[in-house]
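# Structural description and commentary
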Amino acid sequence: MLVFSLTSHDSFISLNHLRRVILELTPGSPRPMVLVGNKADLVHAREVSDEEIRDLANTWGCDYFEVAAPEPWQVVVRPFAAIYQAVLNGRASH
Ligand SMILES: Nc1nc2c(ncn2[C@@H]2O[C@H](COP(=O)(O)OP(=O)(O)OP(=O)(O)O)[C@@H](O)[C@H]2O)c(=O)[nH]1
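The name given to the chain in an unreviewed UniProt entry is small monomeric GTPase, and the organism recorded there is Portunus trituberculatus. A UniProt comment under Catalytic activity (unreviewed entry) is attached to the chain, and it reads "GTP + H2O = GDP + phosphate + H(+)". Comment text from UniProt for the chain, heading Sequence similarities (unreviewed entry), reads "Belongs to the small GTPase superfamily. Ras family."

Here we come to the environment of Q85. In this fold, Q85 is placed in helix α5 (residues 78–92). The exposure class assigned to Q85 is partly exposed, which follows from its relative accessible area of 41%.

So, on to the nonpolar core. Counting 14 residues, the largest nonpolar core has F4, F12, L15, L35, I53 and W60 as its most contacted members. Those elements that provide at least two residues to this core are β1 (2–5) and α3 (50–60). Take this core: its biggest share by element is four residues, from α3. Beyond its immediate chain neighbours, meaning those up to four positions away, L15 contacts L2, V3, F4, L35, L56 and W60. By size, the runner-up hydrophobic cluster in this structure holds six residues, among which are V36, V67, A82 and I83.

Inspection of the secondary structure assignment puts I83 in helix α5. Looking at I83, the relative accessible area reads 17%, which means it is buried. Put simply, I83 and L25 are 58 residues apart on the chain and 18 Å apart in space, counted from C-alpha to C-alpha. In contact with I83, not counting residues within four places along its chain, are M1, P32, M33 and V34.

Right, let's get into the site of the ligand. What surrounds the ligand is the set N38, K39, D41, L42, A68, A69 and P70. A distance of 3.0 Å is found between a nitrogen atom of the ligand and a side-chain nitrogen or oxygen belonging to N38. By residue class, the composition of the shell around the ligand is four nonpolar, one polar and two charged.

Reading the values: rules and limits
- Residues numbered from 1 in each chain as written.
- Predicted model: local features only at pLDDT ≥ 70, side-chain atom pairs only at ≥ 80, totals over all residues.
- Heavy atoms only, no water.
- UniProt positions renumbered as here; feature names shortened; annotations may be inferred.
- Helix = DSSP H or I, 4+ residues; strand = E, 2+ residues; numbered from the N terminus.
- Buried < 20%, exposed > 50% of the residue type's maximum accessible area, 1.4 Å probe, protein only.
- Core = buried A, V, L, I, M, F, W, Y, C linked by side-chain atoms within 4.5 Å.
- Contact = heavy atoms within 4.5 Å.
- Near = heavy atom within 4 Å.
- Polar contact = N/O pair within 3.5 Å; in protein donor to acceptor, adjacent residues only side chain to side chain.
- Nonpolar A, V, L, I, M, F, W, Y, C, P; charged D, E, K, R; others polar.

Right, dumping it as structure tokens:
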């Protein structure tokens, strides 16, 4: 799960490194990933544009979820459910 803060462009950029490390540590394995922008409630402090998020999600072939920690767990759980489903799909195709 590639999580960044919508209020920190640096955290968005640092996902490149994080993803590279994950890929290097797990060669040959299925590695379903989702992109998660946290702190969606802090609208006025937002530093990452929808366009750059969409571009990155397309480039990496990831689903994108926007969450805020204060939201009900039913919202915050969505990216976890997506990863879980992707793992199950990966197993089914092997
Ligand atoms: N409003 C809001 N605050 C959040 C959210 N997620 C985390 N925080 C707050 O951000 C602060 C830092 O949270 P941490 O969980 O310590 O995250 P961190 O990555 O160690 O620190 P930061 O780089 O400061 O975000 C805490 O005060 C959290 O309560 C969010 O979605 N919305």
